[in-house]
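So the chains spell out like this:
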Amino acid sequence: MKKIDFRTDILPLKNELYRLALRITLNPAEAEDVVQDTMLKIWNRREQWDEIESIEAFSLTICRNLALDKTKKAEAQVGQLDESHDPPDHSYASNPEEQAMQRDRVDLVRRLIGQLPEKQRSCMQLRDIEGKSYKEIATVIGITEQQVKINIFRARQTIRQKYIETEKYGL
């Protein structure tokens, strides 16, 4: 096992932890608090670092659990991220009408993702947004790789069906 160093192994994870916390809490200030609490928890368990197989998975698990706890305590409603976090995509078309339609589609997908059960939403976010492997996701969430695949499949299927329904019939 490699000797784990806070500055070189854990501190660089802060942006990834922030993105995960932000996706769960949907609040930048709350996400920053979660990352800070995560770093403190990791630091306080420094005696156990040599026993940890993957410090990244360990850190993501702590971050995820803290974000879920904070969300449950605040009884936050699942919503969408502010426009300020994802700048609009101007590459789709130069036509303002097409750009507006594209923004509406992205907002719809965000709302649909927000309506998913927590486990499906977390699996999908870690796989499709963070690019994690099924094994890493299973470790972070505490389920088997097969369950990860099933959750991702069901999440994508649900979003696809609801998207088609909404596009067909309108909001």
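Throughout, residues of each chain are indexed from 1 in the direction in which the sequence is written. Since the coordinates come from a predicted model, pLDDT governs what is reported: local features require at least 70, and pairs of side-chain atoms require 80 or more to be given and counted, while whole-chain, interface and lining totals use all residues. Computation of side-chain values: all heavy atoms of the structure, hydrogens and water removed.

Engineer: What exactly am I supposed to notice about helix H8 (residues 145-169) here?
Structural biologist: Residues spaced three or four apart along an α-helix face the same direction, because each turn holds 3.6 residues. A run of DSSP states H or I qualifies as a helix once it reaches four residues; a run of E qualifies as a strand once it reaches two. Both are numbered from the N-terminal end. Expected span of a helix: the number of residues minus one, times 1.5 Å. For H8, built from 25 residues, the straight-helix expectation of 36 Å at 1.5 Å per residue is met to within 8% by its first-to-last C-alpha distance of 36 Å. Partly exposed residues are those whose accessible area sits between 20% and 50% of the maximum for their type, while under 20% is buried and over 50% is exposed, using a 1.4 Å probe and protein chains only. Within the sequence span of H8, burial applies to Val 148, Asn 151, Ile 152, Ala 155, Ile 159 and Thr 166. Contacts: residue pairs with any heavy atoms within 4.5 Å of one another. Buried residues along H8 sit against helix H5 (96-114), helix H6 (118-129) and helix H7 (134-141).

Engineer: What exactly am I supposed to notice about the packing of aromatic side chains here?
Structural biologist: The geometry of an aromatic ring pair comes down to the distance between the two centres and the angle between the two planes. Here is the rule: rings of Phe, Tyr and Trp (six-membered ring for Trp) pair when centre to centre is within 6.5 Å. Planes less than 30 degrees apart are stacked, more than 60 are edge-to-face, and the remainder are tilted. Considering all chains together, one arrives at three aromatic pairs under this definition. Taking 6.3 Å as the distance between ring centres and 10° as the angle between the ring planes, the aromatic pair formed by Phe 6 and Trp 49 counts as stacked. A residue pair is termed long-range when its members are at least 10 positions apart, and Phe 6 in helix H1 (residues 6-10) and Trp 49 in the loop between helix H3 (28-44) and helix H4 (55-74) qualify at 43 residues. Linked through ring pairs, Phe 6, Trp 43 and Trp 49 together constitute an aromatic cluster. Geometrically, a lysine NZ or arginine CZ counts as sitting over a ring once it is within 6 Å of the ring centre and also within 35 degrees of the ring normal. Directly above the ring of Tyr 134 sits Arg 127, whose terminal nitrogen or CZ lies 4.1 Å from the centroid.

Engineer: Would you explain the packing of helix H2 (residues 14-25) against H3 in this entry?
Structural biologist: Working note: a packed helix pair is described by the angle between its axes plus the distance between those axes. The interhelical angle for the contact between H2 and H3, taken along N-to-C directions, is 130°, at an axis separation of 8 Å. In this view, H2 runs oblique relative to H3, as classed from their interaxial angle. Regarding H2 and H3, the two cross each other, and that crossing is right-handed. Each of Lys 14, Leu 17, Tyr 18, Ala 21, Leu 22 and Thr 25 in H2 lies in contact with H3, whose residues at this interface are Pro 28, Glu 30, Ala 31, Glu 32, Val 34, Val 35, Thr 38 and Met 39. Every angle, taken between N-to-C directions, lies between 0 and 180 degrees, and every axis is a line fitted to C-alpha atoms, over only the stretch in contact when it is a helix. By the definition adopted for this analysis, an angle is roughly parallel if under 35 degrees, roughly antiparallel if over 145, roughly perpendicular if from 65 to 115, and oblique otherwise. Throughout, a crossing is termed right-handed when the near helix is turned clockwise from the far one, and left-handed when it is turned anticlockwise from it by less than a right angle.

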